[in-house]
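A structural walkthrough
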Amino acid sequence: MPKLGVNIDHVATVRQARMTDEPDPVWAAALAELGGADCITVHLREDRRHILDRDVRLLKETVAVKLNLEMAASEDIIAIARELAPTQCTLVPEKRQELTTEGGLDVAGNLSRVREAVAALAEKGIIVSLFIDAEEDQIEASKEAAAHAVELHTGRYAEAAYQDAPSRLADLVRGSQAAAAAGLVVHAGHGLTYRNVRPVALISGFDEFNIGHSIVSRAVMVGMERAVREMKRLITVEPAGAEERSGDV
């Protein structure tokens, strides 16, 4: 069964809108764990637009499940990660003007730099995942960079028009199979919601889903614990017919 990583960045976004001390993402993480989260994910951006250093330090001390730190491969953030040693770091591309991460990391075009970052983090016993598009060259480059895992960018599927969704889903099937064949653990995330996650969850091979905005949005209405339970049910409950879970689309 795939695991659920809950990204709590946007709890911090609400807090930072007023530059106050609530809602506290650390508290949100505890509630997400009570709801069944297998992993807590936060993105420490270079501009600190939502998650702050204080949050990551307290999460490291209090989170009882896997702690996944999303980050750019920049020297100052790598230094923080090496000091705190979260369970996992996921390297992502980062542009200050973007609202959210817009695409996968170009590992193939920056192999030397990514390999150095992976080595620096792995030296501290940190699992390293690379957030990439489901493309063969990026998967092969991720293997060359000695990453432990890849997180396939699901945004193209999530944003696709209805008639285009099957082909985008097929891309994820091929990507998950290629990554597994390369010996990489396969995660998925970006743009997944309660309405579109099920077809992706039914693809064989995904070990973990990282989902944030949709869960936090739902939590505003029903509470964090219930929102997490509902999403976890969607990604883990087996379909009535075992043949529904397939590597074919």
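1. Regarding the layout of surface pockets
Considering only enclosed or pocket space, the second largest pocket measures out at about 260 Å³ in volume. Along its surface, the second largest pocket is lined by 13 residues, and Val11, Pro23, Ala28, Leu31 and Met224 are the ones closest to its centre. When contributions to the lining of the second largest pocket are tallied by element, the ones reaching two or more residues are α1 (9–18), α2 (25–34) and α10 (213–222).

2. A short note on the packing of helix α4 (residues 75–84) against helix α5 (residues 111–122)
Two elements in contact, α4 and α5, have axes whose closest approach is 10 Å; the angle formed by their N-to-C orientations is 20°. With respect to their mutual orientation, α4 and α5 come out roughly parallel. Of the two elements, α4 crosses α5, and the hand of that crossing is right-handed. Across from Glu75, Ile78, Ala81 and Arg82 in α4, the residues of α5 making contact are Arg113, Ala117, Ala120 and Leu121.

3. Observations regarding the packing of aromatic side chains
Following the criterion strictly, the structure yields one aromatic pair and no others. Taken together, a centroid distance of 5.5 Å and an interplanar angle of 55° make the contact between Phe206 and Phe209 tilted. For Phe206, a relative accessible area of 7% translates into the label buried.

4. Looking at α5
Three- or four-residue spacings in an α-helix give side chains the same orientation, since the helix completes a turn every 3.6 residues. Its 12 residues give α5 an end-to-end C-alpha distance of 16 Å, which sits within 8% of 16 Å, the value for a rise of 1.5 Å per residue. Residues of α5 that are buried in the fold lie against β3 (66–71), α4, β4 (88–91), β5 (127–132) and α6 (136–144).

5. With respect to the packing of α2 against helix α11 (residues 224–236)
Two elements in contact, α2 and α11, have axes whose closest approach is 7 Å; the angle formed by their N-to-C orientations is 45°. Relative to α11, α2 is oriented oblique. Of the two elements, α2 crosses α11, and the hand of that crossing is right-handed. Taken together, the residues of α11 that come into contact with α2 (itself represented by Ala28, Leu31, Ala32 and Leu34) are Met224, Glu225 and Val228. A breakdown of the residues in the contact of α2 with α11 according to their chemical character gives six nonpolar, no polar and one charged.

6. A look at the sheet that holds β5
Backbone-to-backbone hydrogen bonds pair the strands of a sheet. The strands run either parallel or antiparallel. Strand order in the closed barrel formed by eight strands is β1-β2-β3-β4-β5-β6-β7-β8, and the pairing between neighbours is parallel. Neighbour to neighbour, the strand axes of the sheet diverge by 25° on average, direction disregarded. Bridge analysis of strand β1 (residues 3–7) against strand β2 (residues 39–43) gives three bridges, and the strand direction is parallel. Bridging from a neighbouring strand, Gly5 pairs with Cys39 of β2.

7. Looking at the nonpolar core
Grouped together as the largest cluster of nonpolar side chains are 72 residues, with contacts concentrated most on Leu91, Leu130 and Ile215. In terms of residues, this core owes the most to one element, α5, which gives six residues. Contact partners of Ile215, with chain neighbours within four places excluded, come to Leu4, Val6, Tyr194, Met224, Ala227, Val228 and Met231.

8. Examining the pairing of β3
Counting buried residues along β3, six of its six residues qualify, which places the element largely inside the surrounding structure. Residues Lys66, Asn68 and Glu70 point to one face of β3 and Leu67, Leu69 and Met71 to the other, with burial holding for every one of them. Pairing analysis gives five bridges linking β2 to β3, with the strands arranged parallel. The residue of β3 that forms the bridge with Thr41 is Asn68. With helix α3 (residues 53–62) bridging β2 and the parallel β3, this β-α-β connection has right-handed handedness. As paired strands, β3 and β4 are joined by four bridges and run parallel to one another.

9. Section: a negative patch on the surface
Residues Asp106, Glu136, Asp137, Glu140 and Glu144 make up a contiguous surface patch of negative charge. Residue classification places Glu140 among the partly exposed residues on the basis of a relative accessible area of 37%.

10. Concerning the pattern of salt bridges
Counted by the stated rule, this structure contains 17 salt bridges. The closest approach of N and O atoms between Asp24 and Arg54, which form a salt bridge, is 3.0 Å. With Asp24 in the loop between α1 and α2 and Arg54 in helix α3, this pair connects stretches of sequence that are 30 residues apart. In this structure, the salt-bridge partner of Asp133 is Arg156, at a minimum N-O distance of 3.4 Å. Here Arg156 lies in helix α7 (residues 155–158) and Asp133 lies in the loop between β5 and α6, a separation of 23 residues in the sequence. Overall, the relative accessible area of 12% leaves Asp133 in the buried class. With relative accessibility at 40%, the residue Arg156 sits in the partly exposed group. Residues participating in the shared-partner salt-bridge network are Arg15, Asp24, Arg54 and Asp55.

Cut-off values and rules
Every chain is numbered independently, its residues counted from 1 as its sequence is written. Two thresholds apply to this predicted model, a pLDDT of at least 70 for residue-level local features and 80 or more for giving and counting side-chain atom pairs, whereas whole-chain, interface and lining totals are computed over all residues. To obtain the side-chain values, all non-hydrogen atoms of the structure were included, while hydrogens and water were left out. Only protein atoms enter the 1 Å grid, on which a cavity is a set of points fitting a 1.4 Å probe that cannot get out and a pocket is an open set with protein on both sides within 12 Å along at least 5 of 7 lines, lining residues being those with an atom within 4 Å of a point. Grid points are joined across faces, edges and corners, and a volume is the space filled by probe spheres set on the points. A run of DSSP states H or I qualifies as a helix once it reaches four residues; a run of E qualifies as a strand once it reaches two. Both are numbered from the N-terminal end. In this analysis, axes come from line fits to C-alpha atoms, helices being fitted only over the stretch in contact, and the angle between any two N-to-C directions falls in the range 0 to 180 degrees. If an angle is under 35 degrees, it is roughly parallel; if it is over 145, roughly antiparallel; if it lies from 65 to 115, roughly perpendicular; otherwise it is oblique. Crossing handedness is read from the near helix: turned anticlockwise from the far helix by less than a right angle, it gives a left-handed crossing, and turned clockwise, a right-handed one. By definition in these notes, contact holds between two residues if any of their heavy atoms fall within 4.5 Å. Stacked, edge-to-face and tilted labels apply to pairs of Phe, Tyr and Trp rings (six-membered ring for Trp) whose centres lie within 6.5 Å, assigned for plane angles under 30 degrees, over 60, and everything in between, in that order. A 1.4 Å probe rolled over the protein chains alone gives each residue an accessible area, and that area as a share of the maximum for its type sets the label: buried under 20%, exposed over 50%, partly exposed in between. Multiplying 1.5 Å by the helix residue count minus one yields the expected span of that helix. Note on residue categories: nonpolar means Ala, Val, Leu, Ile, Met, Phe, Trp, Tyr, Cys or Pro, charged means Asp, Glu, Lys or Arg, and polar means any other residue, Gly included. Pairing between two strands is assigned when DSSP locates at least 2 bridges connecting them. Only buried Ala, Val, Leu, Ile, Met, Phe, Trp, Tyr and Cys residues count toward a nonpolar core, and they belong to the same one when joined by side-chain atoms within 4.5 Å. By convention a crossover is right-handed if, when the strands point away from the viewer, the path from the first strand over the helix to the second runs clockwise. Patch membership requires over 30% relative accessible area and the absence of a salt bridge. Like charges are linked within 9 Å, and nonpolar side chains (Val, Leu, Ile, Met, Phe, Trp, Tyr) within 5 Å. The Shrake-Rupley method, run with a 1.4 Å probe, gives the accessible areas here. Residue values count only the displayed protein chains as cover. Definition used for salt bridges: Asp or Glu carboxyl oxygen within 4 Å of a side-chain nitrogen of Lys or Arg. Charge assignment: positive for Lys and Arg, negative for Asp and Glu; neither His nor the chain ends contribute. Note on charges: their place is set at NZ of Lys, CZ of Arg, CG of Asp or CD of Glu.

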